[in-house]
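A closer look at the structure
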Amino acid sequence: MATKKAKPAKKAAKKAAPKKAAKKAAPKKAAKKAVKKAKVKRTPNAAFMKAMTPSPALAAVVGAGSMPRTEVVKKIWAYIKKHGLQDSKNKRMINANDALKSVFGGKAQVSMFEMTKLVNKHLK
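Report on the accompanying structure. Just so it is clear, the model here is predicted, and its values are computed rather than measured.

1. Observations concerning helix 6 (residues 112-120)
M115, L118 and V119 are the residues of helix 6 that are buried. End-on, the buried residues of helix 6 take up no more than an arc of 100 degrees, which puts them together on one face. Exposed side chains of helix 6 directed beyond 90 degrees from the buried face belong to F113 and K117. Packing partners of the buried residues in helix 6 comprise helix 3 (56-62), helix 4 (69-83), strand 3 (93-95), helix 5 (98-103) and strand 4 (109-111).

2. Let's talk about the nonpolar core
Counting residues in hydrophobic clusters, the biggest one holds 21 residues, and the most contacted among them are L58, V72, I76, I80, L100, F104 and M115. For this core, the secondary structure elements donating two or more residues are helix 3, helix 4, helix 5 and helix 6. If you tally residues by element for this core, the top one is helix 4, at five residues. Each residue touching L100, except ones within four places of it in the same chain, is listed here: V61, Y79, I80 and L85.

3. Details of the packing of helix 4 against helix 6
Axis separation between helix 4 and helix 6 bottoms out at 11 Å; the angle between their running directions is 125 degrees. In terms of orientation, helix 4 lies oblique with respect to helix 6. As for how helix 4 packs across helix 6, the hand of that crossing is right-handed. Across from R69, V72, I76, W77 and I80 in helix 4, the residues of helix 6 making contact are M112, M115, V119 and N120.

4. Focus: the environment of A108
If you trace the backbone, A108 turns up in the loop between helix 5 and strand 4. Using a relative accessible area of 46% as the deciding quantity, one classes A108 as partly exposed. A108 sits twelve residues away from A96 along the chain, and the two C-alpha atoms are 5.2 Å apart. For A108, the residues in contact, after removing those within four places along its chain, are I94, N95, A96 and K101.

Conventions used here
- Residues numbered from 1 in each chain as written.
- Predicted model: local features only at pLDDT ≥ 70, side-chain atom pairs only at ≥ 80, totals over all residues.
- Heavy atoms only, no water.
- Buried < 20%, exposed > 50% of the residue type's maximum accessible area, 1.4 Å probe, protein only.
- Helix = DSSP H or I, 4+ residues; strand = E, 2+ residues; numbered from the N terminus.
- Arc of directions from axis to C-beta.
- Contact = heavy atoms within 4.5 Å.
- Core = buried A, V, L, I, M, F, W, Y, C linked by side-chain atoms within 4.5 Å.
- Axes fitted to C-alpha atoms, helices over the stretch in contact; angles between N-to-C directions.
- Parallel < 35°, antiparallel > 145°, perpendicular 65-115°, else oblique.
- Left-handed = near helix turned anticlockwise from the far one by under 90°.

In short, geometric facts, not functional conclusions.
Spelled out as structure tokens, the structure:
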């Protein structure tokens, strides 16, 4: 059987040198990660807070008073949850009852993303 030869000392010294350099570089990287940017507080978009008047079909669901678009969407979701109109198998779909069919343009089922598009048509 053949025995392994011992490695020369020069090769071992060359391999050890890069490891020492890597150890010295590691604390510098950690110091850079410690610096965090200050969080900038976001200002709300005024267009979302603008009071809008719902159409008579939409007013039957959310109420007749003028309110921001965000509040309209919240009230529609409350109506959907209250009446159990969210599809049980695919939660992204909403099954319309008589009141919502007029808002959804006569469609029996719409996706939650399509719902916001259809609701915006009923706001002025």
